[in-house]
Amino acid sequence: MIDAAILTSYGASYKKVAAGEVIFREGQQAHFYHQLESGRVKWLTINDDGSEFIHDIIEPVESFGEFPLFDGEPYAATAIADKDCVILRLHEASFHQLLKDHPHYGFAFTKLMVQRLRFKFHFSKEIARHNPESTITALLDHFKKEKHYICSCCSKVQLTRQQIADMTGLRVETVIRTIRNLHDKGALKVDRGKVYC
């Protein structure tokens, strides 16, 4: 989101994180802006029973965990490296100075947070319907619109059924059955286990 050269000019440093390692935990105080350079990060909530609810899967050049840098509250979710990662980290005070010096980044963050919040409102409405088909369809429609997790050339969904379950709060068996039903209705295509929108 922010050019790496600009981040390093304000003192950002690279940090390597191994797959499975926790980057920060829900409830911890935030001290850094995080931007993924390589790898993949799961931004999630871990429920009391140990199950995960994935809020987002962060891909390279995306930021994550920035809410506390704007409101001073602790992290609202946990970030875990899904693959080996390289992350650019910038201290909170330097991040605030960067935004003062480059106000267009502040507007970009405002737009990003509004997009995330709008999706959460829309998606919460779908989850409240308790209809797995509409929930999964809404999730995939959002990703197709955002060109995220869906291949632009072939419309292949680049999420596992477990990841879809973790993003929707559904059981993986429900996701498997629902995807099969959507395929039978012609709403999705399943070919050799791969899902296409």
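Residues numbered from 1 in each chain as written. Predicted model: local features only at pLDDT ≥ 70, side-chain atom pairs only at ≥ 80, totals over all residues. Heavy atoms only, no water.

As named in an unreviewed UniProt entry, the protein chain is Crp/Fnr family transcriptional regulator, taken from Ilyomonas limi.

**Examining the domain arrangement of the protein chain**
Test applied: Domain limits in this description derive from either an automatic procedure or a database domain assignment. The term buried area denotes the loss of accessible surface (1.4 Å probe radius) that occurs when two parts are joined, taken as the sum for both partners. Here the nonpolar group is Ala, Val, Leu, Ile, Met, Phe, Trp, Tyr, Cys and Pro; Asp, Glu, Lys and Arg are the charged ones; every other residue, Gly included, is treated as polar.
Taken domain by domain, the protein chain holds domain 1 (4–113) and domain 2 (130–196). Summed over both partners, the interface of domain 1 with domain 2 buries about 680 Å², with 53% contributed by carbon and sulfur atoms. Interface area lost by domain 1 to domain 2 is led by Phe 53, Ile 54 and Ile 57, which between them contribute 59%. Residue composition of the side of domain 1 that touches domain 2, grouped by class: four nonpolar, no polar and six charged.

**What to know about the side chain of Gln 163**
Spelled out, the test is: For the purposes of this entry, the term helix denotes a DSSP run of H or I that reaches at least four residues, the term strand denotes a run of E that reaches at least two, and both are numbered from the N terminus. Categorising residues by exposure relies on relative accessible area from a 1.4 Å probe, with only protein chains included: less than 20% of the type maximum marks a residue as buried, more than 50% marks it as exposed, and the intermediate range marks it as partly exposed. We define a polar contact as two N or O atoms separated by no more than 3.5 Å, with the added condition that, inside protein, one atom must be a possible hydrogen donor and the other a possible acceptor, whereas residues neighbouring each other in sequence contribute only through side-chain atom pairs. In what follows, a contact means two residues having at least one pair of non-hydrogen atoms within 4.5 Å.
Within the secondary structure, Gln 163 is located in helix α6 (residues 161–168). Residue classification places Gln 163 among the buried positions, given a relative accessible area of 12%. A polar atom in the side chain of Gln 163 sits 2.9 Å from the backbone nitrogen of Thr 160. The contact partners of Gln 163, leaving out residues within four places of it in the chain, are Arg 40, Ile 54, Ile 57, Asp 82 and Gln 158.

**Observations concerning the confidence of the model for the protein chain**
Convention followed: Predictor confidence is given residue by residue as pLDDT, running from a minimum of 0 to a maximum of 100.
Averaged over every residue, the pLDDT of the protein chain is 91; the share at 70 or more is 100%. Between the elements of the protein chain, mean pLDDT differs from a low of 87, seen in helix α4 (residues 103–128), to a high of 98, seen in strand β1 (residues 13–17).

**Brief notes about α4**
Applicable threshold: Expected helix span is taken as 1.5 Å per residue step, with the number of steps being one fewer than the number of residues.
Its 26 residues place the ends of α4 38 Å apart at the C-alpha level, agreeing with the 38 Å of an ideal helix rising 1.5 Å per residue. All of the buried residues in α4 are Tyr 105, Gly 106, Phe 109, Leu 112, Met 113, Arg 116, Phe 119, Phe 123 and Glu 126. A positive phi of about 55° marks His 130, the residue just after α4.

**Topic: the pattern of salt bridges**
Test applied: Salt bridge, as used here, is a side-chain nitrogen of Lys or Arg placed within 4 Å of a carboxyl oxygen of Asp or Glu.
Overall, the coordinates contain six salt bridges when judged by the stated rule. Where Arg 116 meets Glu 66, a salt bridge forms, and the shortest distance between an N and an O atom there is 2.6 Å. Of this pair, Arg 116 sits in helix α4 while Glu 66 sits in the loop between β6 (63–64) and α2 (67–71), placing them 50 residues apart in sequence. Across the pair, exposure class does not vary: Arg 116 and Glu 66 are buried alike.

**Observations concerning the UniProt feature "domain: Cyclic nucleotide-binding" (unreviewed entry) in the protein chain**
Rule in force here: UniProt positions are given in the numbering used here, feature names are shortened, and annotations may be inferred rather than shown by experiment.
UniProt tags residues 1–99 as "domain: Cyclic nucleotide-binding" (unreviewed entry). Helix makes up 19% of residues 1–99 and strand 41%, and the two end C-alpha atoms of the span are 13 Å apart.

**Overview of the pairing of strand β5 (residues 52–58)**
Which entries qualify depends on this criterion: We call two strands paired when DSSP finds no fewer than two bridges between them.
Sheet analysis places strand β4 (residues 41–46) next to β5, joined by six bridges and oriented antiparallel. Residue pairing across strands places Leu 44 opposite Ile 54, the latter belonging to β5. What sits between the antiparallel neighbours β4 and β5 is a turn of five residues, in which Gly 50 has the positive phi angle 90°.

**Re helix α3 (residues 92–101)**
In plain terms, the rule: Directions from the helix axis toward the C-beta atoms define the arc.
Within the span of α3, buried status applies to Phe 95, Leu 98 and Leu 99. Along the axis of α3, the buried residues cluster in a sector spanning 100°; they form a single face. The outward face of α3, more than 90 degrees from its buried face, is lined by the exposed residues Ala 93 and Lys 100.

**Observations concerning the packing of aromatic side chains**
Note the threshold: Only rings of Phe, Tyr and Trp enter the pairing, Trp through its six-membered ring, and a pair is recorded when the two centres are within 6.5 Å. The plane angle decides the type: under 30 degrees is stacked, over 60 is edge-to-face, the rest tilted.
For the structure shown, the criterion picks out 10 aromatic pairs. When the ring of Tyr 33 is compared with that of Phe 109, the centres are 5.7 Å apart and the planes differ by 90°; the resulting orientation is edge-to-face. One end of the pair, Tyr 33, is in strand β3 (residues 32–38); the other, Phe 109, is in helix α4, with 76 residues separating them in the sequence. In this structure, Tyr 33 and Phe 109 share a single accessibility class: buried.

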